[in-house]
Amino acid sequence: MSGEEEENAAELKIGEEFLKAKCLMNCEVALILEHKYEQLQQMSEDPMNQVSQVFEKSLQYVKRFSRYKNPDAVRQVREILSRYQLAEFELCVLGNLCPETVEEAIAMVPSIKTKGRAHDDDAIERMLNDLSLIKKFE
């Protein structure tokens, strides 16, 4: 066995390059792809000109699984989750899956309860309440 630790997302052991990576929630990817789609349609003089099938399928996927549709709501979700000093992938998992209870959030992202982090059940509950307010008023 090598000297490297085994990766384990539950303990936030995911590799340096992934910890430093910028992750996007599905709703953020949907906004980017929708903008690009509009640009491609405007640039195309031929109405029969189609974007690639991969692009279309990707756009359909992120739109289908985006929990937030309004661009302001998408921005607010990232802002709220960023306040809790989450790792990028934790932020995106919570933003994509929108757990409703503290237990669901911990089951989806066990690393938020890792020793030495300030995420007690009350902080997680506040975070989930903030997210549910955005969804309610979207």
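So, here is what we can say about the structure in this document. (Residues numbered from 1 in each chain as written. Predicted model: local features only at pLDDT ≥ 70, side-chain atom pairs only at ≥ 80, totals over all residues. Heavy atoms only, no water.)

**Points about the packing of helix 2 (residues 26–43) against helix 4 (residues 71–83)**
Where helix 2 contacts helix 4, the two axes come as close as 10 Å, and the packing angle between them is 140°. By the angle class used here, helix 2 and helix 4 are oblique. By crossing handedness, the relation of helix 2 to helix 4 is classed as left-handed. Residues Cys27, Glu28 and Leu31 of helix 2 touch helix 4, and the partners they reach there are Pro71, Val74 and Arg78. Partitioned by chemical class, the residues of the contact of helix 2 with helix 4 number 4 nonpolar, no polar and 2 charged. (Axes fitted to C-alpha atoms, helices over the stretch in contact; angles between N-to-C directions. Helix = DSSP H or I, 4+ residues; strand = E, 2+ residues; numbered from the N terminus. Parallel < 35°, antiparallel > 145°, perpendicular 65-115°, else oblique. Left-handed = near helix turned anticlockwise from the far one by under 90°. Contact = heavy atoms within 4.5 Å. Nonpolar A, V, L, I, M, F, W, Y, C, P; charged D, E, K, R; others polar.)

**As for helix 7 (residues 121–137)**
Its 17 residues give helix 7 an end-to-end C-alpha distance of 24 Å, which sits within 8% of 24 Å, the value for a rise of 1.5 Å per residue. Listed as buried for helix 7 are Ala123, Ile124, Met127, Leu128, Leu131 and Ile134. Burial along helix 7 is one-sided: seen end-on, the buried residues are contained in an arc of 135°. Residues Asp122, Lys136 and Phe137 are exposed on helix 7 and point more than 90 degrees away from its buried face. Looking at the buried side of helix 7, the elements it contacts are helix 4, helix 5 (88–97) and helix 6 (102–108). (Expected span 1.5 Å × (residues − 1). Buried < 20%, exposed > 50% of the residue type's maximum accessible area, 1.4 Å probe, protein only. Arc of directions from axis to C-beta.)

**Overview of the packing of aromatic side chains**
Aromatic ring pairs: the centre-centre distance and the angle between the two ring planes describe each pair. All told, the structure shown has 2 aromatic pairs when counted by the stated rule. Taking 6.4 Å as the distance between ring centres and 15° as the angle between the ring planes, the aromatic pair formed by Tyr37 and Phe55 counts as stacked. Here the residue Tyr37 occupies a position in helix 2, and Phe55 occupies one in helix 3 (residues 53–64), the gap between them amounting to 18 residues. For Phe55, a relative accessible area of 15% corresponds to the buried category. Seen in terms of ring centroids, Tyr61 and Phe65 are 4.8 Å apart; in terms of plane orientation they differ by 45°. Their pairing is tilted. For Tyr61, a relative accessible area of 47% translates into the label partly exposed. In this arrangement the basic side chain of Lys135 is found over the ring face of Tyr68, its NZ or CZ atom lying 5.6 Å from the centre. (Phe/Tyr/Trp six-rings, centres within 6.5 Å; stacked < 30°, edge-to-face > 60°. Lys NZ or Arg CZ within 6 Å of the ring centre and 35° of its normal.)

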